[in-house]
Amino acid sequence: MKTNEILENIRTRHSIRSYNEKQVSKEDLQMILEAGTYAPNGMGLRTWHFSAIQNAQKLEELNEQIKRAFTKSNNSFEKERGHDQSYCCYYHAPTLIIVSNEPTYWWSGMDCACAIENMYLAAHSLGIGACWINQLGITSNDPEVRKFISSLGVPDNHRVYGCLALGYAKENLPLKEKKIKEGIINIVE
Ligand SMILES: Cc1cc2nc3c(=O)[nH]c(=O)nc-3n(C[C@H](O)[C@H](O)[C@H](O)COP(=O)(O)O)c2cc1C
């Protein structure tokens, strides 16, 4: 089967949920963010915004705000997480990129997903682990969470569609083989 560097990078990428303390360098972070901005986006409008947080205290505070919002949820799973002392939605990664967009367009979330995947792949190509983090997407309209993310640079007219945790994997776990699920592809000739 034909392969190349890009296809190998796509094939071997997987989500990392355990990080060591090594911070992602400014240079690598910049490259990853740039990769996000090169993603396809509806009508080429590029209305998205990327807020990269590398401050451990601010990330802990963000996690606390998200948990506080979860305690108010009607969803029992979220409520439980909200009260769980050890719960950290971003797995203590040293960097978190918040990806937001104007909710005006029906494709706003898709733009963000394309950008996040570009950043996932860019990070992997640099030996940096990444994981999509959804919890801020669920809670960004909570007034206290909103106030806090505004202070982190998320535009007030934006909705958070996802976040990307970044850092170095704590351990090099063996690569889980990804098998193509049966019946999800068909080709018409
Ligand atoms: C829309 C979306 C939301 C996700 N949210 C989370 C999340 O909140 N926490 C998490 O650990 N992983 C999250 N993931 C990662 C998926 O669990 C992961 O991509 C999937 O299990 C496939 O594994 P892989 O990324 O290693 O290929 C999310 C992925 C997507 C695309």
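Now for a description of the structure that goes with this document.

Calculation rules
- Residues numbered from 1 in each chain as written.
- Predicted model: local features only at pLDDT ≥ 70, side-chain atom pairs only at ≥ 80, totals over all residues.
- Heavy atoms only, no water.
- Helix = DSSP H or I, 4+ residues; strand = E, 2+ residues; numbered from the N terminus.
- Rg over C-alpha atoms; globule rule 2.2 N^0.38 Å.
- Buried < 20%, exposed > 50% of the residue type's maximum accessible area, 1.4 Å probe, protein only.
- Areas by Shrake-Rupley, 256 points an atom, 1.4 Å probe, with all protein chains shown as cover.
- Pairing = 2+ DSSP bridges.
- Arc of directions from axis to C-beta.
- Contact = heavy atoms within 4.5 Å.
- Polar contact = N/O pair within 3.5 Å; in protein donor to acceptor, adjacent residues only side chain to side chain.
- Salt bridge = Lys/Arg side-chain N within 4 Å of Asp/Glu carboxyl O.

## What to know about the overall build of the protein chain
- Along the protein chain, the regular secondary structure elements total seven helices and four strands.
- For the protein chain, the C-alpha radius of gyration of 17 Å lies close to 16 Å, the compact-globule estimate for 189 residues.
- The dimensions of the protein chain, computed from C-alpha atoms along their principal axes, are 50 × 40 × 40 Å.
- Evaluated residue by residue, the protein chain yields a buried proportion of 43% over its 189 residues.
- Entry remark: accessible area of the protein chain is about 11,700 Å², with carbon and sulfur atoms responsible for 53%.

## A few points about the environment of Gly44
- Here Gly44 lies in the loop between α2 (26-37) and β1 (49-53).
- Since its relative accessible area comes to 43%, Gly44 is described here as partly exposed.
- C-alpha separation for the pair Gly44 and Asp111, spaced 67 residues apart in sequence, amounts to 9.6 Å.

## Points about the pairing of strand β2 (residues 95-101)
- Most of β2 sits inside the fold, with seven of its seven residues counted as buried.
- Looking at chain direction, β1 and β2 are connected through five bridges and run antiparallel. For Ser51, the partnering residue across the bridge sits in β2 and is Ile98.
- With seven bridges connecting them, β2 and strand β4 (residues 159-167) associate as antiparallel partners.

## Points about helix α7 (residues 143-151)
- Three or more residues of α7 are buried, namely Val145, Arg146, Phe148 and Ile149. All buried residues of α7 project into a common sector of 165° when viewed along the axis, lining one side. Exposed residues on α7 whose side chains face more than 90 degrees from its buried face are Pro143, Lys147 and Ser151.
- Where α7 is buried, its residues touch α3 (56-71), α6 (135-139) and β4.
- The N-cap residue of α7 is Asp142: its side-chain oxygen and the backbone nitrogen of Glu144 are 3.1 Å apart.
- Count one or two residues on from α7 and you reach Gly153, which has phi positive near 100°.

## A short note on the pattern of salt bridges
- Under the counting rule described, the total for this entry stands at four salt bridges.
- With its nearest N and O atoms 3.1 Å apart, the salt bridge here joins Glu8 to Arg11. Within this pair, Glu8 and its partner Arg11 are both found in helix α1 (residues 5-12), separated by three residues, close to a single helical turn.
- Overall, Glu8 belongs to the partly exposed group, its relative accessible area being 29%.
- Residue Lys67 pairs with Glu64 through a salt bridge whose shortest N-O separation is 3.9 Å. One end of the pair, Lys67, and the other, Glu64, are both in helix α3, three residues apart, so they sit about a helical turn from each other.
- With relative accessibility at 5%, the residue Lys67 sits in the buried group.
- One connected set of salt bridges, linked through shared partners, spans Lys72, Asp142 and Glu144.

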